[in-house]
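# Working through the structure, step by step
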Amino acid sequence: MGLVSSITAVCLALAIGIATSGNANAQTDGDLSGIWLTQDQGSTVRISRCSRGYCGSIVNATKGAVDANNPDLRLRTRPLEGLMILQAPTPTADGFAGQLYNPRDGKSYSGRLVVTGKNSLSVTGCVMGVFCRSQAWVRSQ
């Protein structure tokens, strides 16, 4: 599962953030909505407007893959495809902040989206707000 590996990498390792300049809206001409390829290009996430920011759901997953590691036993049979894994409703100076869900361990982490170009995005996940890792995603559609 490319997405599961991608989200795990984003959420669990220490890395230096990607430096960007300017306002996210100025860099993207406004909208992050669309289909984005994860860094390894093995998975896609549909990002769309929600609240004042963005949300993202898994577009493709291994057939029959479920949220098996969710701490809520009732949710362990829900399909990964269509699962919301990114909620970044809070605008920041350089992007949007919120939460990332990692289906591999069933945990949520603090996260942020920072636009690095018209069709590129840095997705960062943090453990305890200190140990962070960023991944570059590119727009597919």
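Higher on the page you've got the structure.
Below, the structure is looked at part by part. (Residues numbered from 1 in each chain as written. Predicted model: local features only at pLDDT ≥ 70, side-chain atom pairs only at ≥ 80, totals over all residues. Heavy atoms only, no water.)

### Things to note about the overall build of the protein chain
As a reminder, the rule being used: Secondary structure follows DSSP: runs of H or I at least 4 residues long count as helices, runs of E at least 2 residues long count as strands, and numbering of each begins at the N terminus. Here the term buried applies to any residue with accessible area under 20% of the maximum for its type, exposed to any over 50%, and partly exposed to those in between, with areas from a 1.4 Å probe on protein chains only. Throughout, a residue-residue contact means that at least one pair of heavy atoms, one from each residue, lies within 4.5 Å. Shrake-Rupley sampling with a 1.4 Å probe provides the accessible areas, and residues are treated as covered by the protein chains on show and by no other component.
The helix and strand inventory of the protein chain stands at two helices and eight strands. Seen in sequence order, the protein chain has helices and strands lined up from the N terminus as α-α-β-β-β-β-β-β-β-β. When the 141 residues of the protein chain are sorted by exposure, 41% land in the buried category. Considering only contacts within the protein chain whose residues lie at least 6 apart along the sequence, 51% involve residues at least 24 apart. Here the protein chain has roughly 7,100 Å² of accessible surface; of this, 53% comes from carbon and sulfur atoms.

### Thoughts on the state of the cysteines
Basically, it comes down to this: The disulfide criterion is simple: two cysteine sulfur atoms within 2.5 Å.
Taken as a whole, this structure holds two disulfides when the rule is applied. Two residues, Cys126 and Cys132, share a disulfide whose sulfurs are 2.0 Å apart. In this structure the cystine formed by Cys126 and Cys132 twists about its S-S bond by roughly 110°; its chirality is therefore right-handed.

### Details of the packing of aromatic side chains
The condition is simple: Two rings from Phe, Tyr or Trp (for Trp, the six-membered ring) form a pair when their centres sit within 6.5 Å of each other. Planes less than 30 degrees apart are called stacked, planes more than 60 degrees apart edge-to-face, and all others tilted. Throughout this description, the term charge over a ring refers to an Arg CZ or Lys NZ atom that lies within 6 Å of the ring centre and within 35 degrees of the ring normal.
What the rule picks out here adds up to one aromatic pair. Taking 5.0 Å as the distance between ring centres and 85° as the angle between the ring planes, the aromatic pair formed by Tyr54 and Phe96 counts as edge-to-face. Remark: Phe96 occurs in strand β5 (residues 95–102) and Tyr54 occurs in strand β3 (residues 53–58); sequence separation between them is 42 residues. Of the residues examined, Tyr54 reaches a relative accessible area of 0% and is grouped as buried. Sitting over the ring of Tyr101, Arg78 keeps its end group 5.9 Å from the ring centre.

### As for the sheet that holds strand β6 (residues 107–117)
Selection rule: A pair of strands is treated as paired once DSSP finds two or more bridges between them. Note on definitions: angles span 0 to 180 degrees between N-to-C directions of axes, and those axes are lines fitted to C-alpha atoms, for helices only across the stretch in contact.
As summarised here, the arrangement of the eight strands in space is β1-β2-β3-β4-β5-β6-β7-β8, forming a closed barrel in which the pairing is antiparallel. When strand polarity is set aside, the average angle formed by the axes of neighbouring strands in this sheet is 30°. Two elements, strand β1 (residues 34–37) and strand β8 (residues 131–139), share two bridges in a ladder whose sense is antiparallel. From the neighbouring strand, Leu37 faces β8, where its bridge partner is Val138.

### Some remarks on the nonpolar core
What counts, and what does not: Think of a nonpolar core as a cluster: buried Ala, Val, Leu, Ile, Met, Phe, Trp, Tyr and Cys residues, connected wherever their side-chain atoms sit within 4.5 Å.
Formed by 20 residues in total, the largest nonpolar core has its most connected members in Leu32, Ile47, Ile85, Leu86, Leu113, Leu121 and Trp137. Secondary-structure elements contributing two or more residues to this core are β2 (44–50), β3, β4 (84–91), β5, β6 and β7 (120–127). The contacts of Leu32, once residues within four sequence positions are left out, are Ile47, Tyr54, Phe96, Leu113, Val115, Leu121 and Arg139.

### Side note on the side chain of Gln135
Spelled out, the test is: Here a polar contact means two N or O atoms within 3.5 Å. Within protein one must be a hydrogen donor candidate and the other an acceptor candidate, and residues neighboring in sequence count only if both atoms are side-chain atoms.
Note that Gln135 resides in strand β8. Judged by its relative accessible area of 6%, Gln135 falls in the buried class. A polar side-chain atom of Gln135 sits 3.5 Å from the main-chain amide nitrogen of Gln39. Within polar-contact distance, the side chain of Gln135 engages the side chain of Trp137 at 2.7 Å.

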